[in-house]
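Per-entry structural report
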Amino acid sequence: MALVKLGLARPWYDYRSLQVKTSRGLQRLSSWAQRYSGMPGLGEAPVPLDLLPGRPNRFSARRLSVVYGQALAGVDSDHPVLLLFGAALRTFTQAGIRVLVYVVPVNVEHLRRVGLESQGGLARTVEAVRRVAKGAGADFLDLHDFLPDAAFRDPSGHFTYDGEIDGATLVAERIARALQELPGVTRPVAQRAPR
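First, a word on scope: everything that follows refers to the structure included in this document.

What counts as what
Numbers given for residues are sequential positions, taken from 1 along each chain in its written order. Only residues with pLDDT of at least 70 are given local features in this predicted model, and only at 80 or more are side-chain atom pairs given and counted; all residues enter the totals for whole chains, interfaces and linings. Excluded from the side-chain calculation are hydrogens and water; included are all heavy atoms of the structure. In this description a helix means any DSSP run of H or I spanning at least four residues, a strand means any run of E spanning at least two, and both kinds are numbered starting from the N terminus. Between two residues, a contact is recorded if the distance between any of their heavy atoms is within 4.5 Å. Each pair of aromatic rings taken from Phe, Tyr and Trp, with Trp reduced to its six-membered ring, is defined by centres within 6.5 Å and is described as stacked if the planes are under 30 degrees apart, edge-to-face if over 60, and tilted in the remaining cases. We call a charge positioned over a ring when the NZ of a Lys or the CZ of an Arg lies within 6 Å of the ring centre and within 35 degrees of the ring normal. For our purposes a nonpolar core is just a set of buried Ala, Val, Leu, Ile, Met, Phe, Trp, Tyr and Cys residues, chained together by side-chain atoms within 4.5 Å. Each residue gets one of three labels from its accessible area relative to the maximum for its type: buried under 20%, exposed over 50%, partly exposed in between, using a 1.4 Å probe on protein chains only. Criterion for a salt bridge: a side-chain nitrogen of Lys or Arg within 4 Å of a carboxyl oxygen of Asp or Glu. The method works on a 1 Å grid over the protein atoms by themselves. A cavity is a set of points holding a 1.4 Å probe that cannot get out, a pocket is an open set with protein on both sides within 12 Å along at least five of seven lines, and residues with an atom within 4 Å of a point line them. Grid points are joined across faces, edges and corners, and a volume is the space filled by probe spheres set on the points. Three categories are distinguished: nonpolar for Ala, Val, Leu, Ile, Met, Phe, Trp, Tyr, Cys and Pro, charged for Asp, Glu, Lys and Arg, and polar for the others, with Gly belonging to the last. To get an axis, a line is fitted to the C-alpha atoms, and for a helix only the part in contact is used. The angle between two axes follows their N-to-C directions and goes from 0 to 180 degrees. An angle below 35 degrees is read as roughly parallel, one above 145 as roughly antiparallel, one from 65 to 115 as roughly perpendicular, and any other as oblique.

Turning next to the environment of L72. Relative to the helices and strands, L72 is located in helix α3 (residues 61-73). Sequence-wise, L72 and T125 are 53 residues apart; in three dimensions their C-alpha atoms are separated by 7.6 Å. The contacts of L72, once residues within four sequence positions are left out, are L64, L111, L116, E117, G121 and L122.

Rendered as structure tokens:
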């Protein structure tokens, strides 16, 4: 919101776009610098994409472990990030601001395929988030396993928006329905156009 209010949304978008376009080149340059210098850690680059062989649109188990590591291992409600999250939620709810916390869909189907969602750690993490949200007076919607693999368009978990499954619209509709179902929420009344 601050970027939008300051008129910096477009430069930020352009920066992020350039960052994505140049990341592979920077990783290659960093690897070369490390080999050339013989110094480990020189020009430390992000973890490489590490895509699953035969599935160019899905991360390998190793990369998914880096991305979702703590959440897959299972986080409890006393985790420092959740303590801060709970404090922020309480600030809103104590000010009379209604909050709906939702867990963004992840590709659980793919996590299972590569053997990372067999221990129940993700379910434990989602339950911890639910407890923190409810304990702070917020409403909660769990969408972590809402979408099938086909609703994810890339390895990073962005939703499809065209084709057979429109993941983005499915999520938006589910959140809108959850908001409408909240107790005490006034639903908009359809108005007829003037004649």
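Text resumes after the structure shown.
Let us look at the packing of aromatic side chains. For the coordinates displayed, the defined rule picks out one aromatic pair. Note that R63 overlies the ring of F59, its terminal NZ or CZ placed 5.2 Å from the centroid.

Below, the discussion takes up the nonpolar core. Of all hydrophobic cores here, the largest spans 14 residues; its most connected members are L82, L89, V101, A133, A138 and F140. Sort the elements by how many residues they give to this core and helix α6 (residues 121-135) lands first, with five residues. Among all residues touching F140, those that are not within four sequence positions of it are L100, V101, V103, V126, V129, R130, A133 and K134.

Taken as a whole and judged by the stated rule, the model has six salt bridges. Note that R113 is salt-bridged to D149, the shortest N-O span being 3.7 Å. On the criterion of sequence distance, the pair formed by R113 in helix α5 (residues 108-113) and D149 in the loop between β4 (139-142) and α7 (167-181) is long-range, its members being 36 residues apart. On the basis of relative accessibility, which here comes to 38%, the residue R113 falls in the partly exposed class. Across the pair E127 and R130 runs a salt bridge, and its minimum N-O distance is 2.6 Å. Of this pair, E127 and R130 both sit in helix α6, three residues apart, which is roughly one turn of the helix. On the basis of relative accessible area, E127 is assigned to the partly exposed category, the value being 30%. The class of R130 is partly exposed, set by a relative accessible area of 30%. One connected set of salt bridges, linked through shared partners, spans R58, R113 and D149.

Now for the layout of surface pockets. Each pocket or cavity is described by its volume, and for the second largest pocket that value is around 290 Å³. Around the second largest pocket, the lining comprises 16 residues; the ones closest to its centre are A71, V103, L122, T125 and V129. Broken down by secondary-structure element, the contributors of at least two residues to the lining of the second largest pocket are α3, α4 (80-94) and α6. The biggest single contributor to the lining of the second largest pocket is α6, with four residues. Grouping the constituent residues of the lining of the second largest pocket by class yields 12 nonpolar, four polar and no charged.

Quick look at the packing of α3 against α6 now. Relative orientation of the contacting elements α3 and α6 amounts to 75°, with a least axis distance of 6 Å. Comparing their axes, α6 and α3 come out roughly perpendicular. Judged by residue contacts, Q70, A71, L72 and A73 of α3 engage G121, L122, R124 and T125 from α6. Taken together, the residues that form the contact of α3 with α6 break down as four nonpolar, three polar and one charged.

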